[in-house]
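Remarks on the overall topology
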Amino acid sequence: MLRKLFLVATLALATACSSGGGGGAELPTGPDLMKKASEAMKTVKSAGFSITTEGKPNVPVKKADGRLTAEGNADGTISLEVLGNLTEVTFALIGDTVHFKGPTGGFQKLTRQQLAQFYDPSVILEPTKGIAQLLASATDPKVEALESGSYRVATTFPAAVVSPIVPGVTQGVNGKVWIDQATSRLTKASLPLQGGTVTVSFSDYDAPVTITPPPAT
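Residues numbered from 1 in each chain as written. Predicted model: local features only at pLDDT ≥ 70, side-chain atom pairs only at ≥ 80, totals over all residues. Heavy atoms only, no water.

Regarding its fold elements, the protein presents five helices and 11 strands. By residue count, 41% of the 217 residues in the protein fall in the buried class. Pairs at least 24 apart in sequence give 49% of the contacts found in the protein among residues at least 6 apart. Of the accessible surface of the protein, which amounts to about 12,100 Å², a share of 55% is contributed by carbon and sulfur atoms. (Helix = DSSP H or I, 4+ residues; strand = E, 2+ residues; numbered from the N terminus. Buried < 20%, exposed > 50% of the residue type's maximum accessible area, 1.4 Å probe, protein only. Contact = heavy atoms within 4.5 Å. Areas by Shrake-Rupley, 256 points an atom, 1.4 Å probe, with all protein chains shown as cover.)

On to the pairing of strand S7 (residues 139-147), then. Examined bridge by bridge, S7 and strand S8 (residues 150-157) share six bridges and lie antiparallel to one another. Note on S8: the bridge partner recorded for Glu147 is Ser150. In sequence, S7 turns back onto S8 through a hairpin of two residues, with Ser148 there showing a positive phi of about 50°. (Pairing = 2+ DSSP bridges.)

When pLDDT is averaged across the protein, the result is 88; 88% of the residues are at 70 or more. Taken element by element, the predicted model of the protein shows its lowest mean pLDDT in helix H1 (residues 2-18) (38) and its highest in S8 (98). Every residue in residues 1-23 is under pLDDT 50, and counting partners more than four places away or in other chains gives one contact. (pLDDT = per-residue confidence, 0-100.)

What follows concerns the sheet that holds strand S6 (residues 108-111). The strand order S6-S5-S4-S3-S2-S1-S11-S10-S9-S8-S7 describes an open sheet built from 11 strands, whose pairing is antiparallel. Both outer strands of the open sheet, S6 and S7, are each paired with one neighbouring strand and no more. Neighbour-to-neighbour, the strand axes of the sheet open up by a mean angle of 20°, direction not taken into account. Sheet topology places strand S9 (residues 173-180) next to strand S10 (residues 186-193); four bridges connect them, and they run antiparallel. Across the sheet, Lys176 pairs through a bridge with Ser190, a residue of S10. (Axes fitted to C-alpha atoms, helices over the stretch in contact; angles between N-to-C directions.)

Moving on to the side chain of Ser50. Its location among the elements puts Ser50 in strand S1 (residues 46-55). Here the side chain of Ser50 touches Asp65 through a polar contact of 3.1 Å, side chain to side chain. When residues no more than four places from it in sequence are discounted, the contact partners of Ser50 are Ala64, Asp65, Thr199, Val200 and Ser201. (Polar contact = N/O pair within 3.5 Å; in protein donor to acceptor, adjacent residues only side chain to side chain.)

Before going further, it helps to examine the pattern of salt bridges. Applying the stated rule across the entire model yields nine salt bridges. Asp120 is the salt-bridge partner of Arg112, the closest N and O atoms lying 3.6 Å from each other. In this structure, Arg152 engages Glu144 in a salt bridge whose closest nitrogen and oxygen atoms are separated by 2.6 Å. Each of the salt bridges in this network shares a partner with another, and the network as a whole consists of Glu144, Glu147, Arg152 and Lys176. (Salt bridge = Lys/Arg side-chain N within 4 Å of Asp/Glu carboxyl O.)

What follows is about unusual backbone geometry. Backbone geometry at Asp140 places phi at a positive 50°, although glycine is not the residue there. One non-glycine residue, Asp206, adopts positive backbone phi at about 60°. You can see Asp206 is positioned in the segment after strand S11 (196-203). Here Asp206 falls in the partly exposed class, since its relative accessible area comes to 32%.

Here it is in structure tokens:
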């Protein structure tokens, strides 16, 4: 009798252990998930974005926070390293005009083409250059786990598709991305580079966003 009870308890424990951490659900295949995520990102109307760095990666954009629209408009702040100096810039990109302001003085104007020489955040939602293209270009993606409602995927990205999003990248990147289980949209990308790591995060998908010029001074 004691032996039978011991066997029942052992089986119950083994079953509980095997079903823990995600309910034992089968993970999707990497290529299928990335294809689905790429298509999902093409339909995004707006998003909040954040770029942070750890260590000293050799990229000019050290930090950024802002909002983006599918039409190519954007606003927020960007911390850029130019000639060894870190400068925070407040910007509003509307059509072909960029309103920007440094730490001192008022707002000035650039064209979108002039801004692109440094960094154009609106490219992030551009279907042929931004996140959708990044996900579609992933090499040998492997789904590692389901974490807090997002699939964690390890993969390699070509430098050519990373550099429009993170300027300064010149080599392929072995990174990780998190894809929302419910919507297949990207929630975060972690990109280890020489000297440090760049993390790109997204929030507030399809929230109403209106980008307006700053008040005249």
